[in-house]
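Structural overview
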Amino acid sequence: MNRERKTQTVFVQVVEKPRRKLLLKRGKEATEYFQYCEEVGCEVWEVLKRVEDALFEPAGYWLPEVLRTPGTSRYVQGVEVPLDFQGKRPEGYTLLTLPQGTFMVFQGEPFEEEDFGAAIEGLREHIASFDPTLYGFHYEEDTAPSFQLEPQGQRGYIEARPVSALKDHKK
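Keep in mind it's a predicted model, so treat the numbers as computed, not measured.

Thoughts on helix 1 (residues 33-40)
Considered for burial, the residues of helix 1 that qualify are Y36, C37 and V40. Buried residues along helix 1 cover an arc of 100° about the axis, so they all sit on one side. Here the buried face of helix 1 lies against strand 2 (20-25), helix 2 (44-49) and strand 4 (75-81).

Structure (structure tokens):
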């Protein structure tokens, strides 16, 4: 049997994040980007890009139950800011304190802009088959949010999962 298979390179790194705040806009029932845009509009990203004192670029977050407000969506968009953030909070946006945490960040290959859907799906398939225990970690998606960065063809699609170290893993 001759199966043609294209190998996709995925860069994986472990990143530590300090305790910080998330300036976000909640949806109602959204579990993903397109549903979120239907609920709250697609201008949220542009608002978040203008936040002064942001620690990083805006991102889409999948909040665990412990960080959700009853009656709000699992998927939100936000930008991380320092714990002592005193900047302007746009109307309809809230602040949420995020715990210190460790994240496994997955970055796919660069892609043509019209192929963004396939790039996202390909990376998600990789994440689903990836075993973090081989590297001394396990996923912690009940305590911290997963997140996605804006799909940009020149850098590839990037998505992250919260992890914690396995106690008895030998490196």
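A look at the packing of aromatic side chains
In the structure shown here, the tally under the stated rule is seven aromatic pairs. Considering the side-chain rings of Y36 and Y75, the 5.6 Å spacing of their centres and the 75° angle between planes classify their relative orientation as edge-to-face. Of this pair, Y36 sits in helix 1 while Y75 sits in strand 4, and the two are 39 residues apart along the sequence. Y75 matches Y36 in its accessibility class, with the two residues each being buried. Ring plane angle 65° and centroid distance 5.4 Å describe the contact between W62 and Y75, whose orientation is recorded as edge-to-face. Separated by 13 residues along the polypeptide, W62 in strand 3 (residues 59-62) and Y75 in strand 4 bring together distant segments of the chain. Like Y75, W62 is buried.

Some words on helix 3 (residues 116-129)
Here helix 3 is 14 residues long and its end C-alpha atoms lie 20 Å apart, about the 20 Å a rise of 1.5 Å per residue gives. Taken residue by residue, helix 3 has A119, I120, G122, L123 and I127 as its buried positions. Axial view of helix 3: buried residues confined to an arc of 165°, hence all on one face. Of the exposed residues in helix 3, the ones pointing more than 90 degrees away from its buried face are A118, E125, A128 and S129. The elements touched by buried residues of helix 3 are strand 6 (101-107), strand 7 (137-139) and strand 9 (158-165).

Here we look at the side chain of R161
With respect to the helices and strands, the residue R161 is situated in strand 9. In this structure the side chain of R161 is engaged in a polar contact, spanning 3.2 Å, whose partner is the side chain of E141. Beyond its immediate sequence surroundings of up to four residues, R161 is in contact with T102, F103, M104, F106, I127, Y139, E141 and S146.

Concerning the pattern of salt bridges
A full pass over the atoms with the stated rule returns eight salt bridges. Of the charged contacts in the structure, one is a salt bridge between E57 and R155, with a shortest N-O distance of 2.9 Å. Here E57, found in the loop between helix 2 and strand 3, pairs with R155, found in the loop between strand 8 (146-148) and strand 9; they are 98 residues apart in sequence, far enough to count as distant. The salt bridge partner of R161 is E159, with a shortest N-O separation of 2.7 Å. Each member of the pair, R161 as well as E159, carries the same accessibility label: buried.

Re a negative patch on the surface
A cluster of acidic residues, E112, E113, E114, D115 and E150, forms a negative patch at the surface. By the element assignment, E112 lies in the loop between strand 6 and helix 3.

Procedures and definitions
For every chain, the first residue of its written sequence is number 1, and the numbers climb from 1 along that sequence. For a predicted model such as this one, the threshold for reporting local features is a pLDDT of at least 70, and the threshold for listing and counting side-chain atom pairs is 80 or more; totals across whole chains, interfaces and linings nevertheless cover every residue. Water and hydrogen atoms play no part in the side-chain values, which are based on all heavy atoms of the structure. Burial here depends on accessible area, computed with a 1.4 Å probe over protein chains only, as a share of the maximum for the residue type. Under 20% is buried, over 50% is exposed, and the range in between is partly exposed. Each helix corresponds to a stretch of at least 4 residues labelled H or I by DSSP, and each strand to a stretch of at least 2 residues labelled E; elements are numbered beginning at the N terminus. The directions from the helix axis to the C-beta atoms are what the arc is built from. Two residues qualify as a contact provided that any one of their heavy atoms is within 4.5 Å of a heavy atom in the partner residue. Aromatic rings from Phe, Tyr and Trp, taking only the six-membered ring of Trp, are treated as a pair when their centres fall within 6.5 Å; an angle between ring planes under 30 degrees marks them as stacked, one over 60 as edge-to-face, and anything in between as tilted. Given a helix with a known number of residues, its expected span is that number minus one, times 1.5 Å. Polar contacts, as counted here, are pairs of nitrogen or oxygen atoms within 3.5 Å of one another; within protein the pair requires one atom able to donate a hydrogen and one able to accept it, and residues that are adjacent in sequence qualify only if both atoms are side-chain atoms. The term salt bridge refers to a side-chain nitrogen of Lys or Arg lying within 4 Å of a carboxyl oxygen of Asp or Glu. Within this analysis, patches are made of residues with over 30% relative accessible area and no salt bridge. Like charges are joined at 9 Å or less; nonpolar side chains (Val, Leu, Ile, Met, Phe, Trp, Tyr) at 5 Å or less. We get accessible surface area from the Shrake-Rupley algorithm with a probe of 1.4 Å; when it comes to residues, only the shown protein chains can shield them. Counted as positive: Lys and Arg. Counted as negative: Asp and Glu. His and the chain ends are not counted at all. Lysine's charge is taken at NZ, arginine's at CZ, aspartate's at CG and glutamate's at CD.

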